[in-house]
Amino acid sequence: MAIIIPKNELEIIKKHAADIFPYEACGGLLGKIEGENKFILKAYPAENRYGKITWDSFEIEPKDILEMDKFCMKENLDILGFYHTHPNHPAIPSNFDINASWPFYSYVILSVKGNAPESVADIKSYLMPDRNSAPVYEEIVIKED
Ligand SMILES: [Zn+2]
């Protein structure tokens, strides 16, 4: 089981991550499930409801969730996960992340060190089956266009 992200969508995520640094960026990951794998077809940069927060909490603005839903209906996709950044912190879920998570979704976390897309130091994906157990690491496959 893996999450497959096209290189150009990953570039969109990295650019968003770097632009918002030193604050926490977040967004949606839209795509399709095929077999055991999640194929991401669209990264959807969103606004963090917590505003200029430095790393440990994010919540996607409801207006962005609505936009994502509309896009998914039009393109016949599903919201398969969310990405967010940890500026100057490792790509490990915070306690907030674990408590605010939902089963099924993939949570992609990027560790960011600066304002250039090259400043993304690490990217990891996790499944968080429930609040009382540890996040499960999910393999990320970067697909060349
Ligand atoms: Zn986090």
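An account of the accompanying structure is given in this report. Because the structure is a prediction, the values reported are computed rather than measured.

What follows is about the nonpolar core. Core analysis: the largest hydrophobic core is formed by 17 residues, its most contacted members being L30, F58, I60, M68, I79 and F82. Those elements giving two or more residues to this core turn out to be β2 (26-34), β3 (37-46), α2 (62-75), β4 (78-87) and β5 (106-112). Excluding residues that lie within four positions of it along the chain, I79 makes contacts with L29, L30, M68, D69, C72, F104 and Y105. Counting 15 residues, the second largest nonpolar core, distinct from the first, contains I5, V108, L110 and V112.

A few words now on α2. Given a rise of 1.5 Å per residue, 14 residues ought to cover 20 Å, and the 20 Å separating the end C-alpha atoms of α2 matches this to within 8%. For α2, every residue scored as buried is listed here: D64, M68 and C72. Looking straight down α2, one finds its buried side chains confined to an arc of 80°; they lie on one side. Along α2, the residues that are exposed and aim more than 90 degrees away from the buried face are L66, K70, M73 and K74. The secondary structure elements touched by the buried residues of α2 are β2, β3 and β4.

This part covers the coordination of the zinc ion. The protein atoms donating to the zinc ion are H84 (NE2), H86 (NE2), D97 (OD) and D97 (OD), with metal-donor distances spanning 1.9 to 2.6 Å. Note that the zinc ion binds four donor atoms; their angles at the metal cover 54 to 161°, and the shape is irregular. Sequence spacing of the donors to the zinc ion: H-x1-H-x10-D. Linking H86 in strand β4 with D97 in helix α3 (residues 95-99), this pair joins segments that are eleven residues apart in sequence.

As a further point, take the sheet that holds β2. Spatially, β1-β3-β2-β4-β5-β6-β7 is the arrangement adopted by the seven strands of the closed barrel, whose pairing is mixed. Across the sheet, the axes of successive neighbouring strands diverge by a mean angle of 35°, strand direction being ignored. Taken together, the five bridges between strand β1 (residues 2-6) and strand β7 (residues 136-143) define a ladder with parallel strand orientation. Along β7, the bridge assignment pairs I5 with I142. Where helix α1 (residues 7-20) meets the sheet, it contacts β1, β2, β3, β4, β5, β6 (120-127) and β7, and its direction lies at approximately 35° from that of β3. Each of β2, β3 and β4 is contacted by α2, which is oriented at about 135° to β3, the strand it contacts most.

A side chain with one charge may pair with a side chain of the opposite charge, provided their charged atoms come close. Counting across every chain of the model gives six salt bridges. Here K63 ties to E47 by a salt bridge, and the two come within 3.2 Å at their closest N and O atoms. Of this pair, K63 sits in helix α2 while E47 sits in the loop between β3 and α2, and the two are 16 residues apart along the sequence. Of the charged contacts in the structure, one is a salt bridge between D64 and K63, with a shortest N-O distance of 3.4 Å. Residue classification places D64 among the buried residues on the basis of a relative accessible area of 9%.

Scoring rules and cut-offs
In this numbering scheme, every chain counts its residues from 1 along its sequence in written order. Selection of residues for local features in this predicted model requires a pLDDT of at least 70, selection of side-chain atom pairs for listing and counting requires 80 or more, and totals for whole chains, interfaces and linings are taken over all residues. Derived side-chain values reflect all non-hydrogen atoms in the structure, with water molecules and hydrogen atoms excluded from consideration. Nonpolar cores are built from buried Ala, Val, Leu, Ile, Met, Phe, Trp, Tyr and Cys residues. Side-chain atoms within 4.5 Å join them into one set. Three exposure classes are used, based on accessible area relative to the maximum for each residue type with a 1.4 Å probe and protein chains only: buried under 20%, partly exposed in between, and exposed over 50%. Helix and strand assignments come from DSSP, with helices taken as H or I runs of at least 4 residues and strands as E runs of at least 2, each series counted from the N terminus. Contacts are assigned to residue pairs with any non-hydrogen atoms lying within 4.5 Å of each other. Helix span, as expected, comes to 1.5 Å for every residue beyond the first. The arc in question is the one traced by the directions running from the helix axis out to the C-beta atoms. In this listing, donors mean N, O and S atoms no farther than 2.8 Å from the metal, or 3.2 Å for Na, K and Ca; water is missing from the atoms, so a site can look incomplete. Working rule for geometry: tetrahedral if four donors all subtend angles between 85 and 135 degrees; square planar for four, octahedral for six, if opposite donors exceed 155 degrees and the others stay between 65 and 115; irregular in every other situation. Strands qualify as paired when DSSP identifies two bridges or more between them. Convention adopted: a line fitted to C-alpha atoms gives each axis, helices being fitted over their contacting stretch, and angles between N-to-C directions are expressed from 0 to 180 degrees. By convention in these notes, a salt bridge is any Lys or Arg side-chain nitrogen within 4 Å of a carboxyl oxygen on Asp or Glu.

Limitation: the analysis is restricted to geometry and does not speak to function.
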